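# Residue-level structure breakdown
Here is what each chain is made of, one letter per residue.
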Amino acid sequence: MGLAQKERRKDEKVNGIVYDMSPSPNFKHGIINGNIYAKIKNGLKDSLCLVFMENLDFHFHHEVNDDYYCPDLMIICDRKYLKGGSYSGVPRFIAETSSPSTAKRDQTEKKDAYEQSGVEEYWIISPNGNLEIYYLTDGKYMLEQKYILQNDAEEEDYNAETEICLRAFPHIKMTLADIFENVD
């Protein structure tokens, strides 16, 4: 395998098992991540915190082994734990946009690892319009909010303009319509 091919490969390592995350997921996955990334990046201007999208490994058991995930979105504020293409501190926020092949791990293994690592807020997004928001409370994730996008203004349950803000960064706000913009 040539160097250029290796650089494009995306993987995650859990309990010594390397999971190949290639090929790339459906285009909707990237649109959603880009929509959220743009809102967060704009909100973090003039901040020491940084947002990463699909390009930084999170080493979550760095004292025990070399397991890592590559979250779709991650906010970090303690830059001293950045080294090369990895981060070994505690992110303030992580979001995973699920695909059929990753949904189970996003809901179980990853959620448990992020919870045990002390990640304050974890979002699980599905390209079909679902959003689950978990907050860390007393060391455990609690499902704080769950949405199913209804963007037809004629429907009784219309919620596209529902505003969501990040727990640790309440000034960073977005609507469900912002998150799922251009996905249809």
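Residues numbered from 1 in each chain as written. Predicted model: local features only at pLDDT ≥ 70, side-chain atom pairs only at ≥ 80, totals over all residues. Heavy atoms only, no water.

## Brief notes about the side chain of N159
By the secondary structure assignment, N159 is in the loop between β11 (140–148) and β12 (163–165). When near neighbours in sequence (up to four residues on either side) are disregarded, N159 contacts I148, L149, Q150 and L176. (Helix = DSSP H or I, 4+ residues; strand = E, 2+ residues; numbered from the N terminus. Contact = heavy atoms within 4.5 Å.)

## Topic: the pattern of salt bridges
All chains considered together, the criterion is met by five salt bridges. Among the salt bridges present, the one from K146 reaches E132, with a minimum N-O distance of 2.8 Å. Separated by 14 residues along the polypeptide, K146 in strand β11 and E132 in strand β10 (residues 130–137) bring together distant segments of the chain. A cluster of three or more residues bridged by salt bridges with shared partners is formed by E96, D106 and K110. (Salt bridge = Lys/Arg side-chain N within 4 Å of Asp/Glu carboxyl O.)

## Some details on the nonpolar core
Counting 25 residues, the largest nonpolar core has I36, I40, I75, W123, L131 and I179 as the members making the most contacts within it. Secondary structure elements with two or more residues in this core: α2 (27–43), β5 (73–76), β8 (93–97), β9 (121–126), β10 and α5 (176–179). Residues within four places of I36 in sequence aside, it is in contact with L73, W123, I125, M174 and I179. (Core = buried A, V, L, I, M, F, W, Y, C linked by side-chain atoms within 4.5 Å. Buried < 20%, exposed > 50% of the residue type's maximum accessible area, 1.4 Å probe, protein only.)

## Some words on a negative patch on the surface
On the surface, D152, E154, E155, E156 and D157 cluster together into a negatively charged patch. Looking at the element boundaries, D157 is found in the loop between β11 and β12. (Patch = residues over 30% accessible without salt bridge, like charges linked within 9 Å, V, L, I, M, F, W, Y side chains within 5 Å. Areas by Shrake-Rupley, 256 points an atom, 1.4 Å probe, with all protein chains shown as cover. Lys, Arg positive; Asp, Glu negative; His and termini not counted. Charge placed at Lys NZ, Arg CZ, Asp CG, Glu CD.)

## A closer look at the sheet that holds strand β4 (residues 57–58)
Spatially, β4-β7-β6 is the arrangement adopted by the three strands of the open sheet, whose pairing is mixed. Both outer strands of the open sheet, β4 and β6 (82–83), are each paired with one neighbouring strand and no more. The sheet contact formed by β6 and strand β7 (residues 86–87) spans two bridges and is antiparallel. In the strand pairing of β7, K83 is matched with S86. (Pairing = 2+ DSSP bridges.)

## Structural notes on the pairing of β5
Burial along β5 is two-sided: L73 and I75 and M74 and I76, pointing in opposite directions, are all buried. Pairing of strand β3 (residues 50–53) with β5 involves four bridges; the strand directions are antiparallel. What sits directly across from V51, in β5, is I75.

## Some remarks on the sheet that holds β9
If you trace the six strands from one edge of the open sheet to the other, you get β3-β5-β8-β9-β10-β11, paired in mixed fashion. Either end of the sheet is taken by a strand with one partner, and the two such strands are β3 and β11. Each neighbouring strand pair of the sheet contributes to a mean axis angle of 15°, computed without reference to strand direction. Direction of pairing for β9 relative to β10: antiparallel, over a ladder of six bridges. Bridge pairing in β10 places I124 opposite E132. (Axes fitted to C-alpha atoms, helices over the stretch in contact; angles between N-to-C directions.)

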